[in-house]
Amino acid sequence: MDFENKILSKEISQFIWEKDKTLGTAESCTGGRIAEAVILMPGASNYFKGSIVSYTNEVKEKLLNVSHDLLEEKTAVCEEVAIEMVKGAVKALNVDYAISSTGIAGPAGGTHDIPVGTIWLACGSADDIVTLKLEGDKGRDLNLANATTQALHLFLDYLTERLKNEGEQEEK
């Protein structure tokens, strides 16, 4: 795990712990790497409840309640699936927030419409989710490392924005 992920994990832990919130992950292509990055911080068990590694559509459907029709119509590599994975993880893990990833890390598996390196990330609460699409194939290892780091950045930005807005509401 690189130094940047450790810093991101520390900042996330401070936000989550301060607000007495909980976190989980639902990962497909990253296979648990985001969860691994989150638990870099001692005391992560105070806010991190767990991860569902949903590498297959069957697990996405059964454990995360991702729509079978959506998976058939749009494939697992789309924004809508990433969003459903967050919602499913929030419910299944009974957490306040979740981070999800779904994509094609490579080296094979891509298509003309969804090339290798296409990865959708999502994070948030059950009713407030943000997404990010990564594109560009840098090789499997770099695709996965980049997705993990970008997922942490996305979630930290999400928390920063929400907590800033929360603070402004309290001042009024």
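Residues numbered from 1 in each chain as written. Predicted model: local features only at pLDDT ≥ 70, side-chain atom pairs only at ≥ 80, totals over all residues. Heavy atoms only, no water.

Caption draft 1: Spatial organisation of unusual backbone geometry. Looking along the chain, the bond that leaves Gly106 and enters Pro107 is cis, with omega of 5 degrees. Tracing the backbone shows Pro107 in the loop between strand E3 (97-103) and strand E4 (119-125). Phi angles above zero are rare outside glycine, and Asp20 is one such case at about 55 degrees. Along the chain, Asp20 turns up in the loop between helix H1 (3-18) and strand E1 (23-27). (Helix = DSSP H or I, 4+ residues; strand = E, 2+ residues; numbered from the N terminus.)

Caption draft 2: Spotlight on the pattern of salt bridges. Within this structure, the stated rule accounts for four salt bridges. Between Glu80 and Lys74 there is a salt bridge, with the nearest N and O atoms lying 2.8 Å from each other. The shortest N-O distance in the salt bridge between Arg162 and Asp128 comes to 2.6 Å. Within this pair, whereas Arg162 is found in helix H6 (residues 140-171), its partner Asp128 is found in strand E5 (residues 128-134), the two being separated by 34 residues in sequence. Owing to a relative accessible area of 24%, Arg162 belongs among the partly exposed residues under this scheme. (Salt bridge = Lys/Arg side-chain N within 4 Å of Asp/Glu carboxyl O. Buried < 20%, exposed > 50% of the residue type's maximum accessible area, 1.4 Å probe, protein only.)

By themselves, these figures tell us nothing about what the structure is for.
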